[in-house]
Amino acid sequence: MSEAVETKRPQWIRQAVDFGALIAFMAAYFITRDMIKATWVLVIASIIALAVGFVLERRLAPMPLITGGFALVFGALTILTDDDLFVKLKLTVQNGLLAAVLLGSIPLKKYPFKALLGSAIKVTDEAWRKLAFRYGLYFLAVAVANEIFRSPTAVTALWSALNLGTPDPNGVWTGFRGVLWIAASVFGLCQVPLIMKNMIKDEEPGPISPDTGL
């Protein structure tokens, strides 16, 4: 088997591992209509995803470790307190912190994104600065959007304004997570031209997914 094939196959597997917990969580909720039961599935799937990622790469990659760690902590809080507020807050806290770190790093010229993804893509520092700025704004937008869609009051008011009837707040939020998954992939693809233009070595970059799990 050629080196190129061996490099590409783990990337495909890694994408499946990264989003496996999210898919399992969404499926569990829409089957059971119970956020606590779905959170149990999320926690178990996150543990499996981290374990599979470790077996494949012989290490815990930074971004899956961050998102998987947040999922485990906030998922455990949800189960222990029997309150789905925590699993919904996870997205706000995680993306808010990432936005603060990335945007705050730009004046310091430290580029923590480079430390997280530098082994996957090799680009100039100017490209890392632009990626930090773009993803910082993206993460901030996700945190704000999550605060809207996790609020039953805000969702009900929005549905009423749009004449969409009476919503299921948990169903709307879970659906929002699916839309966010698509948005993350599209946003990542939009960064490929910047990466290609600023590559240091001849590599084949793929889209960077800012949120690899729920």
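Scroll up a little and you will see the structure.
Nothing here was measured: the structure is a model prediction, and the numbers come from that model.

Analysis parameters
Residues numbered from 1 in each chain as written. Predicted model: local features only at pLDDT ≥ 70, side-chain atom pairs only at ≥ 80, totals over all residues. Heavy atoms only, no water. Helix = DSSP H or I, 4+ residues; strand = E, 2+ residues; numbered from the N terminus. Buried < 20%, exposed > 50% of the residue type's maximum accessible area, 1.4 Å probe, protein only. Contact = heavy atoms within 4.5 Å. Phe/Tyr/Trp six-rings, centres within 6.5 Å; stacked < 30°, edge-to-face > 60°.

S.K.: Describe the side chain of T78, naming the residues involved and giving the relevant values.
M.R.: Within the secondary structure, T78 sits in helix α3 (residues 62-81). Accessibility expressed as a relative area gives 0% for T78, which makes it buried. Other than its neighbours up to four places away in sequence, T78 contacts I36, T39, D83, D84, F86 and V87.

S.K.: Talk me through the packing of aromatic side chains; I want residue IDs and the actual numbers.
M.R.: Inspection of the entire model under this criterion finds nine aromatic pairs. Measuring from ring centre to ring centre gives 5.4 Å for Y29 and F30, while their planes differ by 70°; the resulting arrangement is edge-to-face. Overall, the relative accessible area of 2% leaves Y29 in the buried class. Classification of F30 by relative accessible area gives partly exposed; the value is 36%. An angle of 65° between the planes, with centres 5.9 Å apart, marks the rings of Y138 and F139 as edge-to-face. As far as the burial class goes, Y138 and F139 line up, both buried. Here a set of aromatic residues connected by ring pairs shows up, and it is made of Y135, Y138, F139 and F187.

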